[in-house]
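Listed below are the residues making up each chain.
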Amino acid sequence: MANTTQVLAAFRDMIANKNLSRDELHDLIRDGIMAALARRFGPTVEAEVQIDEAAGDIQITVLKEVAAEVEDPARQISLEEARWDDPEFEVGDILEIPVQFEEFGRNAVMAAKQRIIQRVREGERNRIRDEYAGKIGELLSGEVQQVERGKISVMLNKTRDADAIIPWKEQNPRERFRQGEPIRAVLKRVEETSKGPRLILSRADPLFVAALFKLEVPEIYQGIVEIKGIAREVGGRTKLAVSSRDESIDPVGACVGLKGARVQAVVSELGGERIDIVPWHPDPEIYARRALAPAKVAKVISDSSRRVITAIVDEDQLSLAIGRNGQNVRLASQLIGWQIDLYGSREWLERGADEALFGVSEPEYEIADFPIGELELPAATLAALEAAGYKTFLDIIDLDRVDLLRIPGIGPDEADAVLKVIEDLTVEDAASEEVAEAEGPSDEELAEAREVAAEILGISLPKAEAGDEEERSA
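The present account deals with the structure reproduced in this document.

What counts and what doesn't
Residues numbered from 1 in each chain as written. Predicted model: local features only at pLDDT ≥ 70, side-chain atom pairs only at ≥ 80, totals over all residues. Heavy atoms only, no water. Phe/Tyr/Trp six-rings, centres within 6.5 Å; stacked < 30°, edge-to-face > 60°. Buried < 20%, exposed > 50% of the residue type's maximum accessible area, 1.4 Å probe, protein only. Lys NZ or Arg CZ within 6 Å of the ring centre and 35° of its normal. Helix = DSSP H or I, 4+ residues; strand = E, 2+ residues; numbered from the N terminus. Pairing = 2+ DSSP bridges. Patch = residues over 30% accessible without salt bridge, like charges linked within 9 Å, V, L, I, M, F, W, Y side chains within 5 Å. Areas by Shrake-Rupley, 256 points an atom, 1.4 Å probe, with all protein chains shown as cover. Salt bridge = Lys/Arg side-chain N within 4 Å of Asp/Glu carboxyl O. Lys, Arg positive; Asp, Glu negative; His and termini not counted. Charge placed at Lys NZ, Arg CZ, Asp CG, Glu CD. Axes fitted to C-alpha atoms, helices over the stretch in contact; angles between N-to-C directions. Contact = heavy atoms within 4.5 Å. Arc of directions from axis to C-beta.

Comments concerning the packing of aromatic side chains
Part 1: Going through the model one piece at a time under the given rule, you end up with two aromatic pairs.
Part 2: With 6.4 Å between their ring centres and 70° between their planes, Trp280 and Tyr287 make a pair best called edge-to-face.
Part 3: You can call Tyr287 buried: its relative accessible area is 6%.
Part 4: Geometrically, the ring pair formed by Tyr343 and Trp348 is tilted, given 5.7 Å between the ring centres and 50° between the ring planes. Of the two residues, Tyr343 and Trp348, neither departs from the other in class, the shared state being buried.
Part 5: Against the face of Tyr132 rests Lys135, its NZ or CZ located 5.4 Å from the ring centre.

A word on the pairing of strand 6 (residues 151–156)
Two faces make up the sheet, and in a regular strand the side chains alternate between them.
Part 1: Within strand 6, five of the six residues are buried, which leaves it mostly tucked inside the rest of the structure.
Part 2: Where strand 5 (residues 139–148) lies against strand 6, six bridges are found, and the strand directions are antiparallel. In the strand pairing of strand 6, Gln146 is matched with Ser153.
Part 3: Hairpin connection, strand 5 to strand 6: the antiparallel pair is bridged by two residues, and Arg149 has positive phi, about 55°.
Part 4: Pairing between strand 6 and strand 7 (residues 163–166): three bridges, direction antiparallel. In the strand pairing of strand 7, Val154 is matched with Ala164.
Part 5: Taken together, strand 6 and the strand that follows it, strand 7, pair antiparallel across an intervening segment of six residues.

So, a negative patch on the surface
Part 1: A contiguous patch of negative charge on the surface is contributed by Asp85, Asp86, Glu88 and Asp93.
Part 2: Along the chain, the position of Asp86 falls in the loop between helix 3 (79–85) and strand 4 (94–99).

Thoughts on the sheet that holds strand 6
Part 1: Read once around its circumference, the closed barrel built from five strands follows the order 5-6-7-9-8, with strand pairing classed as mixed. Strand-to-strand twist across the sheet, computed as the mean angle between neighbouring axes with direction ignored, equals 50°.
Part 2: Against the sheet, helix 5 (residues 206–216) makes contact with strand 5, strand 8 (182–193) and strand 9 (196–202), and its axis sits at roughly 130° relative to strand 8, the strand it touches most.

A word on helix 8 (residues 261–269)
Part 1: Three or more residues of helix 8 are buried, namely Val263, Val266, Val267 and Glu269. Burial along helix 8 is one-sided: seen end-on, the buried residues are contained in an arc of 165°.
Part 2: Contacts from the buried residues of helix 8 go to strand 8, helix 5, helix 7 (251–256) and strand 12 (274–279).
Part 3: In the segment just after helix 8, Gly271 is the residue with positive phi, at about 75°.

Let's talk about the sheet that holds strand 10 (residues 225–233)
Part 1: Here three strands make up an open sheet; going across it, the order is 10-11-12 and the pairing mixed. The strands lining the two open edges of the sheet, one partner per strand, are strand 10 and strand 12. Put simply, the sheet's adjacent strands are angled 20° from each other on average, direction ignored.
Part 2: Pairing of strand 10 with strand 11 (residues 237–244) involves eight bridges; the strand directions are antiparallel. Among the inter-strand pairings, Val225 is bridged to a residue of strand 11, identified as Ser244.

Side note on unusual backbone geometry
Part 1: For the bond running from Ala293 to Pro294, omega is 15°, close enough to zero to count as cis.
Part 2: Relative to the helices and strands, Pro294 resides in the loop between helix 9 (284–291) and strand 13 (297–303).
Part 3: A positive phi is found at Arg149, a non-glycine position, where the angle reads about 55°.
Part 4: If you trace the backbone, Arg149 turns up in the loop between strand 5 and strand 6.

Have a look at this one:
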């Protein structure tokens, strides 16, 4: 009895240490005892295990079926042996054999222990998997357990048995941690390994910055301020776009905090990494202008079909807009999800001002569609075209002579007539081309165009061009 009391006391300690419920504890004890019975009687043994924690007692009863011929000694007993205990036993009856806990040998005890340890580990793995599968992107804190080959092993404060690591590529290269130091990181994913789930943490992912702001800014935690986009180059710079669901709350001011306290807390955690907080806007042109901060943008032109933003800045703002090694414009492009083509005012005037004002690019001609019945063609030819499925002028505009001859009811003469009509309606008049060429912009008009473009952009012309203009006016 003393042994069973000690065993139950040990299991009660396990409840506290492993966060097990009482039902889970009883299942563990039964499973362990069944493993011990299997080692003693055989793998197919059948038994009943009753646990009385109040009395500190464990009752074990092995069940064996009475058989005329024993095929499985683990769960069967011969009629002769059964009648040693009770002469009234018959074939098919169940013999109950009580087993004292103290009767287990060393091998049986080790089998029970191994089974219980295995079940506990499986339970912990399932609990960790279930607990953290839905916490991707959340901030976790812990202690640096070991730093080996660039990988940081972390012992989490909440779940100390969880296997959590920060791989080298998920670390900030400007940071160094030692064993025993506190550390915070964001949960990036949960990987399955042969030893169970492994938590992959990150201090380099943009999710880490978002999690820090969620911790420092109550408005983000409450859902009033929303992080719309984030672009980051680890150790260098981060751009954060925010918007507010409440018009009375400034999203940028909420993230910055009083005297910059909130954003400084995040910057300190990131090791001095610069953070640009910009207000999000649904218009890509306005969004791009804000994303290029701290540079001031003079003009923004968008091409939604190609998702390209053309941004023009003054010459003194060009280096600021580009940033060190192109970092600022690169992060702005990642933030808005559009390609940003950045030009200085002088380069833009040289490349695009004339074309923008005068439309020197190739003209685009549009032909209005109309029913083929309006064409000056014989009724039989029109009927043959309509019978072949050609209803409008644009349906036949690209047909060749060979295509027309394949249509039933159309011969060589009819095909030539159709092609003549198409040619008359689509070929540009040579005289109109000559007129268009004669009406091209003169040098004076180009100079004036540059001045207009410069005025629109709010910039000054280069001195060389200004001097040329003075000479022309003289």
